[in-house]
Amino acid sequence: MSIQTDTLGRNALIIAFIINLIMITADLTYGLMMNSASLLSDAANNSGDVFILGSSILVLSSTTAVKNRLALFKGIVMIAFGLWAFYHVYLGLIGASVLSGGVISFVGLLSLIGNTSVALMMNKHQHKDINFMSAFICCRNDAIASFGIILAGILVMMTGTIWPDIIIGSVIAIIVSYGGIKIIRLSLLPIETPKDDCC
């Protein structure tokens, strides 16, 4: 990897890290205010991403063995955040949510813009190694989840119930957990040419 390529990759990771921090702030602020399962699941997803992107920056110039070991830890962290998201789904089920569909959709739209931008940046670098590929998997999942959040907000407004938020929150939590399993599998199997198969 050339110095210029390495610098471009590091800059992409730093920008992605900052964007995710901003999105976590929005998700947590409004998610905790309403106890929205979908927003708090997305916050869990983005929190895992901040750790993953931050650690990816630190090991950018490390050996493949170090990157694989860190990827294993990244996967475990993602699963932990997925379980945290399921906890907030449970809180929604027991009636601890006071939702505003408009706010959920607005935050989801902001997340979609940010996550899509980050996913496109990571897509350009995912072929380099497992470090970038694990970052791409997380960012791509975020972009998909953002569509779900927008849908949840619209359906909450249309139906006047909390079920769309709970269902979408559960789906995002599953995506987070499965993404973690995917990264763990990749970290345990040496990869010469990473493939972008669905996670």
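Residues numbered from 1 in each chain as written. Predicted model: local features only at pLDDT ≥ 70, side-chain atom pairs only at ≥ 80, totals over all residues. Heavy atoms only, no water.

Here we look at the overall build of the protein
Then comes step 1: Along its length, the protein carries six helices and zero strands.
Then comes step 2: In the protein, the order of α-helices and β-strands from amino to carboxyl end is α-α-α-α-α-α.
Then comes step 3: Buried residues in the protein amount to 53% of all 199 residues.
Then comes step 4: In the protein, once contacts between residues fewer than 6 apart in sequence are set aside, the share between residues at least 24 apart is 81%. (Helix = DSSP H or I, 4+ residues; strand = E, 2+ residues; numbered from the N terminus. Buried < 20%, exposed > 50% of the residue type's maximum accessible area, 1.4 Å probe, protein only. Contact = heavy atoms within 4.5 Å.)

Examining the nonpolar core
Then comes step 1: In terms of nonpolar packing, the biggest core is built from 11 residues, these being Ala12, Leu13, Ala16, Leu53, Ile57, Val118, Ala119, Met122, Phe132, Phe136 and Cys139.
Then comes step 2: Put simply, the parts of the chain that give this core at least two residues each are α1 (3-34), α2 (37-58), α4 (101-123) and α5 (130-159). (Core = buried A, V, L, I, M, F, W, Y, C linked by side-chain atoms within 4.5 Å.)

Focus on unusual backbone geometry
Then comes step 1: Non-glycine residue asparagine 35 carries a positive phi angle of around 50°.
Then comes step 2: You can see asparagine 35 is positioned in the loop between α1 and α2.

Some points on the packing of aromatic side chains
Each aromatic ring pair is specified by the distance between its two centres and by the angle formed by the two planes.
Then comes step 1: Across all of its chains, the model carries one aromatic pair by this definition.
Then comes step 2: Aromatic pair tyrosine 87 and tyrosine 90: ring centres 6.5 Å apart, planes at 35°, arrangement tilted. Here tyrosine 87 pairs with tyrosine 90, and both are found in helix α3 (residues 64-93), just three residues apart, close to one helical turn.
Then comes step 3: For tyrosine 87, a relative accessible area of 45% translates into the label partly exposed.
Then comes step 4: Owing to a relative accessible area of 45%, tyrosine 90 belongs among the partly exposed residues under this scheme. (Phe/Tyr/Trp six-rings, centres within 6.5 Å; stacked < 30°, edge-to-face > 60°.)

Considering α4
Then comes step 1: A rise of 1.5 Å per residue sets the reference length of α4, with its 23 residues, at 33 Å; its end C-alpha atoms lie 31 Å apart and thus fit the reference within 8%.
Then comes step 2: Listing the buried residues of α4 in full gives Gly101, Ile104, Ser105, Val107, Gly108, Ser111, Leu112, Gly114, Asn115, Val118, Ala119 and Met122. (Expected span 1.5 Å × (residues − 1).)

A closer look at the side chain of serine 36
Then comes step 1: Inspection of the secondary structure puts serine 36 in the loop between α1 and α2.
Then comes step 2: Judged by relative accessible area, which is 0%, serine 36 ranks as buried.
Then comes step 3: Dropping the residues within four chain positions of it, serine 36 is found in contact with Gly31, Leu99, Ile104 and Asp165.

As for the environment of isoleucine 76
Then comes step 1: Along the chain, isoleucine 76 turns up in helix α3.
Then comes step 2: Given a relative accessible area of 45%, isoleucine 76 falls into the partly exposed group.
Then comes step 3: Between the C-alpha atoms of isoleucine 76 and glycine 48, which are 28 residues apart in sequence, the distance is 9.8 Å.

With respect to a nonpolar patch on the surface
Then comes step 1: Residues Tyr87, Tyr90, Leu93, Ile94, Trp163, Ile167 and Val171 make up a contiguous nonpolar surface patch of roughly 740 Å² in combined accessible area.
Then comes step 2: Those elements that place two or more of their residues in the nonpolar patch are α3 and α6 (163-188).
Then comes step 3: Note on placement: isoleucine 167 falls in helix α6. (Patch = residues over 30% accessible without salt bridge, like charges linked within 9 Å, V, L, I, M, F, W, Y side chains within 5 Å. Areas by Shrake-Rupley, 256 points an atom, 1.4 Å probe, with all protein chains shown as cover. Salt bridge = Lys/Arg side-chain N within 4 Å of Asp/Glu carboxyl O.)

Re the side chain of serine 177
Then comes step 1: You can see serine 177 is positioned in helix α6.
Then comes step 2: When neighbours within four sequence positions are excluded, serine 177 is seen to be in contact with Ile79, Gly82, Leu83 and Phe86.

Details of the confidence of the model for the protein
Then comes step 1: Across the protein, the average pLDDT comes to 78, with 83% of residues at 70 or higher.
Then comes step 2: Summarising per-element confidence for the protein, the mean pLDDT is lowest in α2 (78) and highest in α4 (85).
Then comes step 3: Low pLDDT, under 50, characterises residues 1-5; the predicted model gives this stretch four contacts beyond four residues in sequence or across chains.
Then comes step 4: Note on residues 193-199: pLDDT is under 50 here. Beyond four places in sequence and across chains, it has 18 contacts. (pLDDT = per-residue confidence, 0-100.)

Structural notes on the environment of serine 100
Then comes step 1: By the secondary structure assignment, serine 100 is in the loop between α3 and α4.
Then comes step 2: Taking the C-alpha atoms as reference, serine 100 lies 9.4 Å from glycine 160; in sequence the two are 60 residues apart.

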